[in-house]
Amino acid sequence: MSKEEQLEMREILNKALKESYHKMIDLKKKLGQTVIIADGNGQPIEVSAEEAERIAHAQAYEDRGNVGLGADLSFRVAEFSD
């Protein structure tokens, strides 16, 4: 598999992972459930599905080059990398 094909595959996998994460959050919100995420030190913490969604949206906002949200953005949706 060429490097270009590997990069394309990684993009596809990252997109699918993020989509499934958002579907899980939506379902957990509807059911009133919580989500376990990692804090800034990698320790597991329990947050509401609404809070997990807010953190994920804030992180995506910053990933696009925007700043100034003032949110705790230690949580990141996992991405595949070398």
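Residues numbered from 1 in each chain as written. Predicted model: local features only at pLDDT ≥ 70, side-chain atom pairs only at ≥ 80, totals over all residues. Heavy atoms only, no water.

Trainee: Mind laying out the environment of Q33, listing which residues take part and the relevant values?
Mentor: The topology assignment puts Q33 in the loop between α1 (3-31) and β1 (34-38). Sequence separation of Q33 and S48 is 15 residues, and the distance between their C-alpha atoms is 6.6 Å. Excluding anything up to four places from it in sequence, Q33 contacts K28, S48 and A49. (Helix = DSSP H or I, 4+ residues; strand = E, 2+ residues; numbered from the N terminus. Contact = heavy atoms within 4.5 Å.)

Trainee: Give me the pattern of salt bridges: which residues, what numbers.
Mentor: Taken as a whole, this structure holds 3 salt bridges when the rule is applied. Taking the shortest distance from any N to any O, the salt bridge between K23 and E19 comes out at 3.3 Å. Of this pair, K23 and E19 both sit in helix α1, 4 residues apart, roughly one helical turn. Judged by relative accessible area, E19 falls into the partly exposed class, the value being 43%. Among the ionic pairs, R54 bridges to E51, the shortest N-O distance being 2.7 Å. Linking R54 with E51, this pair stays in helix α2 (residues 49-63), spanning 3 residues, or about one helical turn. (Salt bridge = Lys/Arg side-chain N within 4 Å of Asp/Glu carboxyl O. Buried < 20%, exposed > 50% of the residue type's maximum accessible area, 1.4 Å probe, protein only.)

Trainee: So, the nonpolar core: which residues are in play, and what are the values?
Mentor: If you look at the biggest cluster of nonpolar residues, it comprises 9 residues: Y21, I25, V35, I37, V47, A49, A52, I55 and A56. Taken together, the elements giving at least two residues each to this core come down to α1, β1 and α2. Broken down by element, this core gets its largest block of residues, 4 residues, from α2. Beyond its immediate sequence surroundings of up to four residues, A49 is in contact with I25, K28, K29, Q33, T34 and V35. (Core = buried A, V, L, I, M, F, W, Y, C linked by side-chain atoms within 4.5 Å.)

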